[in-house]
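A closer look at the structure
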Amino acid sequence: MATNYSRILSILEAIQSFGNITHAAKHLFITQPALSRTLKNEEEKLNVTLVDRTTKPIQLTYAGAEYLRGLQNIDTATKQLVDKMNDISQSKSGQLSIGLPETLGTLFYHN
């Protein structure tokens with residue numbers, strides 16, 4: 001599931017790990033200009049700075065760290081939902097309904 005949020009998630013995680021945009025881009029197999037452009041577009045969309053480019057190594061800002069945490073939560077929830085849907089589709093979980101005539105139902109089910 002290659003959504004925009006997962007791309008930004010990968011970029012922020014790589015920047016946090018490597019502390020360098022060039023190394024993060026190499027790790028993600030994208031060009032440095034593409035990574036920088038994606039990051040800049042996200043910062044403009046959110047109207048916050050996600051990465052402090054003035055420090056060496058570069059670091060996520062407070063907003064960047066919070067955004068990363070939120071994206072990680074979304075990613076985890078999405079994976080759990082997909083797993084749940086897979087379980088349902090493979091009949092590993094779900095709901096079972098059994099229909100019985102009332103006379104037999106009273107033998108098996110008592111209030």
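Just so you know, these numbers come straight off a predicted model, no measurement behind them.

Definitions and limits used
- The residue count restarts for each chain, going from 1 along the sequence in the order it is written.
- Owing to the predicted nature of the model, reporting of local features is limited to residues with pLDDT of at least 70; listing and counting of side-chain atom pairs is limited to 80 or more, with chain, interface and lining totals taken over all residues.
- Side-chain measures were taken over the full set of non-hydrogen atoms in the model, leaving aside hydrogen atoms and water.
- Secondary structure elements are defined from DSSP: runs of H or I of at least 4 residues count as helices, runs of E of at least 2 residues count as strands, and each element is numbered from the N terminus.
- To estimate the expected span of a helix, subtract one from its residue number and multiply by 1.5 Å.
- The contact criterion used is simple: two residues touch if any of their non-hydrogen atoms lie within 4.5 Å.
- Each residue is placed in one exposure class: buried if its accessible area under a 1.4 Å probe, protein chains only, is under 20% of its type's maximum, exposed if it is over 50%, and partly exposed if it falls in between.

What follows covers helix H1 (residues 4–18). Taking 1.5 Å of rise per residue, the 15 residues of H1 would be expected to cover 21 Å, and the 21 Å separating its terminal C-alpha atoms lies within 8% of that figure. Buried residues belonging to H1 abut helix H2 (21–28), helix H3 (32–46), strand E1 (51–52), strand E2 (59–60) and helix H4 (62–89).

With respect to the helices, strands and loops of the structure, Ile8 is situated in helix H1. Linking Ile8 and Leu68, residues 60 residues apart in sequence, is a C-alpha distance of 8.4 Å. In this view, Ile8 contacts Thr38, Glu42, Tyr67 and Leu71; residues no more than four positions away in its chain are not counted.

Look at the link from Lys56 to Pro57: it is a cis peptide, with omega at 0°. One can find Pro57 in the loop between E1 and E2. Even without a glycine there, the phi angle at Phe29 is positive, about 60°. Mapped onto the elements of the fold, Phe29 is located in the loop between H2 and H3. You can call Phe29 exposed: its relative accessible area is 76%. A positive phi angle, close to 60°, is found at Asn47, a residue other than glycine. Within the element layout of this structure, Asn47 appears in the loop between H3 and E1.

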